[in-house]
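Below, each chain spelled out in residue letters.
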Amino acid sequence: MTIRLYDLVGRDDRRFSSNCCKTLYALAHKGLACETVPTRFTDISSIGDGSFSTIPVIEDGDTRLGDSWEIAMYLEATYPDAPSLFGGAAGIEYARFIARWVETRTHPLVMTMIVHDIYEGLDPADQPYFWESRTKRLGRPIDEVPVGREDRLPELRARLEPIRRIVADQLFLGGTSPIYADYVAMASFIWARKTSPFALVDAGDPVHAWMHRCLDLYGGLLRQDTDYDW
Amino acid sequence: MTIVLYDLVGRDDRRFSSNCWKTSLALAHKGCRFETVPTKFTEIPSIGDGSYSTVPVVEFDGIWVDDSWAIAEHLEESCPDGPSLFGGAGGREYARYVQRWCESRIHPLMMTLIILDIQAHLAPEDVEYFNGTRPQRFGRPLEEVQSGRDERVIEYRDRLEPLRRVVAAQPFMCGSEPSYADHIVMGSIIGARRMSSYPLFVSDDPIYDWMHRCLDLYDGLGQRGVGYNW
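Note that the coordinates shown come from a computational prediction; the quantities given were computed from them, not determined experimentally. (Residues numbered from 1 in each chain as written. Chains lettered and ligands numbered in written order. Predicted model: local features only at pLDDT ≥ 70, side-chain atom pairs only at ≥ 80, totals over all residues. Heavy atoms only, no water.)

**Some points on the packing of helix 6 (residues 161–169) of chain A against helix 8 (residues 206–220) of chain A**
Residue and element names in this part refer to chain A.
Phase 1: Direction vectors running N to C along helix 6 and helix 8 enclose 70 degrees, while the axes themselves pass 8 Å from each other. Judged by the angle between their axes, helix 6 and helix 8 are roughly perpendicular. Seen from above, helix 6 lies across helix 8 with left-handed handedness. Contacts between helix 6 and helix 8 involve Ile163, Arg164, Val167 and Ala168 from the former and Pro206, Val207, Trp210 and Arg213 from the latter. (Axes fitted to C-alpha atoms, helices over the stretch in contact; angles between N-to-C directions. Helix = DSSP H or I, 4+ residues; strand = E, 2+ residues; numbered from the N terminus. Parallel < 35°, antiparallel > 145°, perpendicular 65-115°, else oblique. Left-handed = near helix turned anticlockwise from the far one by under 90°. Contact = heavy atoms within 4.5 Å.)

Quick look at the structure:
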C-alpha cells in the first residue's frame, strides 16, 4: 500500500522541510512506497481533520500520524521485517541524542544564517505567515538575522566536529550503512541546501563528503534540480 | 581471570584520568573484578613491555590492551555474558559519537576550567613533566588558560544541552540502564571531581542529578577514594 506524505513545499516545488526529509528517508530506508502531497505552511491546517499544526503528516491506510519522530517509531514498529531504522533499542537512543544535539546546537544556528533565504524561496501565499512567525521567534526582523553570518560560520563548523571525526573514518554515523541518526543530522543540511546559496560546509570537509553520500542515497531521492550546488 | 588496570594517580592516591575512569566503569559494568596499579605520568613508560605512552592499559591474563575505546570493545567481545556496554550495533555507534563529541567539544573545554587545580594535585614527581608539556599543548601559560573560568563554565554547560535534555527525560543516556555512553561523559566528570573543588554543575541542573545517579552505580565506584564532592 502506498503511504501518503504531506510534504512542505516552497516556490518551484522545493521540498525544503528538514522534518519531512527525515520521514522521506525513513520511508525509503524501509522500502515503502510513498506519494507526496505538496503542502504549503498555510495549507497545513487543512490536512485531515484539521488538528495538525506542523508537518510531516503521513497517512498509512487508516492511520494518520504527525511528527517525524513519532512517524519513525511507527514505521519501525509497523514494518519490523524491513531494514531497521535504528539497529536496536540503543540505536533509538542514538537517534534521540542526535535529535537533541541538532535541535539545541546546530539547527538554530543554521536558522540564523538562512532564515531570510528560506523566506525568499517560499510560495508568496506563505511569506506573510513566515515573516511574522519567524520574526517573533527570533526576536528580530528576519532580514536582519542573517547579517554577519560569515562570522558565525566557524562556530557552526566547530560544533560539527564530532560528526566530522566520525564520517572521516567511516561512511555513515551508522557505520557502513546509514541509520536514522544520519537522517536526523543530515536533514538540516538538506533544508539549507534547498533554500540557501550560503555554503555551510566546503568541499574537502569530511562533513561535505558525508552530506553528498546521504544525498546520493535511494537514487538521489533528496536531490532536486532547484537545490543550491554546494 | 586476573584483570589489572594501570590507573593514573595524583597526590594522595587521587585517580584522576578521564580515560581510566571510562575503563573502570566499563569493567564494573561487565561485572569484572579488577585490581588497579596506581601509575604516575612519569611511570607510564615502565608499564609492561615499555611501549605505552598513555593510560589506561589493561592486562587481561597476559593479554595487554591499551586505549579506553579498544579496551571497551575488547571487553564487549571477551565478556559476552556480562551486561552489554553498547546494547548492539546501533548503541556502539552511539557510544562512538559520544566519544567524538566529548573529546572534541566537552573535555578540552572542561580542562581549561581546572588545569591549575590538576597541577596542584599532581604527584610531586609528575609536576616537572606536566609543566613541560601542558603549556605547549595549550599554547600559553596555564594561569592564562584557567583565567576567566566563571564565564567559560557557562559555555561548558551550554555545550552539554543535548545531554541535559536526554537525562531530564530518562535516567541514563540509553534509557533506564547505564551504558558506555554514560561512562564516557562521566569519565571526564569523575576525573574533575578528583582534582578540583570547582563545581561544574549546580544542583538544580538535570545533569547534576544524572551525575549522581552515575556516581551511585556499582556500589558507588565513581565516588570512592580521594576527591571533592560536588
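**Thoughts on the side chain of B:Asp126**
All names here are of chain B.
Phase 1: Tracing the chain through its elements places aspartate 126 in helix 4 (residues 124–138).
Phase 2: For the buried aspartate 126, which has no salt bridge, the nearest side chain bearing the opposite charge is lysine 40, at an N-O separation of 6.9 Å.
Phase 3: A polar contact of 2.7 Å, which involves the side chain of aspartate 126, links it to the backbone nitrogen of phenylalanine 41.
Phase 4: If sequence neighbours within four positions are ignored, aspartate 126 has contacts with Val9, Lys40, Phe41 and Thr42. (Buried < 20%, exposed > 50% of the residue type's maximum accessible area, 1.4 Å probe, protein only. Lys, Arg positive; Asp, Glu negative; His and termini not counted. Salt bridge = Lys/Arg side-chain N within 4 Å of Asp/Glu carboxyl O. Polar contact = N/O pair within 3.5 Å; in protein donor to acceptor, adjacent residues only side chain to side chain.)

**Details of the interface of chain A and chain B**
Phase 1: With 27 residues of chain A at the contact, the number on the chain B side is 26 residues.
Phase 2: Taken over both partners, the interface formed by chain A and chain B buries close to 2200 Å², and the fraction arising from carbon and sulfur atoms is 64%.
Phase 3: B:Glu103 serves as the salt-bridge partner of A:Arg165, at 2.8 Å between the closest nitrogen and oxygen.
Phase 4: Along the contact surface separating chain A from chain B lie nine residue pairs in polar contact (both at pLDDT 80 or more).
Phase 5: When contributions to the side of chain A that touches chain B are tallied by element, the ones reaching two or more residues are helix 3 (89–120), helix 5 (149–159) and helix 6 of chain A.
Phase 6: The element that contributes the greatest number of residues to the side of chain A that touches chain B is helix 3 of chain A, accounting for 12 residues.
Phase 7: Counted by class, the side of chain A that touches chain B contains 11 nonpolar, six polar and 10 charged residues. (Buried area = accessible area lost by both parts, 1.4 Å probe. Nonpolar A, V, L, I, M, F, W, Y, C, P; charged D, E, K, R; others polar.)

**A look at the sheet that holds strand 3 (residues 57–60) of chain A**
All names here are of chain A.
Phase 1: Strands sit in the order 2-1-3-4 across an open sheet of four strands; the sheet is mixed. Looking along the sheet, the strands with just one partner apiece sit at the ends: strand 2 (34–39) and strand 4 (63–66). Averaged over all pairs of adjacent strands, the angle between strand axes in this sheet comes to 20 degrees, irrespective of strand direction.
Phase 2: Note: strand 1 (residues 3–8) against strand 3, three bridges, orientation antiparallel. Its bridge partner being in strand 3, tyrosine 6 is matched across the sheet by valine 57.
Phase 3: Each of strand 1, strand 2 and strand 3 is contacted by helix 1 (residues 18–29), which is oriented at about 155 degrees to strand 1, the strand it contacts most.
Phase 4: Sitting on the sheet, helix 2 (residues 68–78) is in contact with strand 1, strand 3 and strand 4, with an inclination near 135 degrees to strand 4. (Pairing = 2+ DSSP bridges.)

**Re the pattern of salt bridges**
Phase 1: Scanning the entire structure with this criterion turns up 39 salt bridges over all chains.
Phase 2: A:Asp123 is the partner of A:Arg40 in a salt bridge, and the nearest nitrogen-oxygen pair spans 3.4 Å. Pair noted here: A:Arg40 is in the loop between strand 2 and strand 3 and A:Asp123 is in the loop between helix 3 and helix 4 (127–138), with a separation of 83 residues, a long-range link.
Phase 3: Residue A:Arg40 is classed as partly exposed on the basis of its relative accessible area of 28%.
Phase 4: For the salt bridge of A:Arg157 with A:Asp202, the shortest nitrogen-to-oxygen distance reads 3.4 Å. Here A:Arg157, found in helix 5, pairs with A:Asp202, found in the loop between helix 7 (180–195) and helix 8; they are 45 residues apart in sequence, far enough to count as distant.
Phase 5: Among the residues examined, A:Asp202 registers a relative accessible area of 41% and is labelled partly exposed.
Phase 6: Among the charged side chains, a salt-bridge network with shared partners connects A:Glu161, A:Arg164, A:Arg165, A:Asp169, A:Asp205, B:Arg100 and B:Glu103.

**Brief notes about the environment of B:Val4**
All names here are of chain B.
Phase 1: Tracing the chain through its elements places valine 4 in strand 1 (residues 3–8).
Phase 2: The buried category is assigned to valine 4, whose relative accessible area is 12%.
Phase 3: When the C-alpha positions of valine 4 and tryptophan 101 are compared, they lie 28 Å apart, and in sequence the two are 97 residues distant.
Phase 4: Discounting residues that sit within four places of it in the chain, valine 4 has contacts with Glu35, Val37, Val57, Val58 and Glu59.

**Concerning the pairing of strand 4 of chain A**
All names here are of chain A.
Phase 1: Examined bridge by bridge, strand 3 and strand 4 share four bridges and lie antiparallel to one another. Of the residues in strand 4, the one forming a bridge with aspartate 60 is threonine 63.
Phase 2: Hairpin connection of strand 3 to strand 4: two residues between the antiparallel strands, including glycine 61 at a positive phi of 60 degrees.

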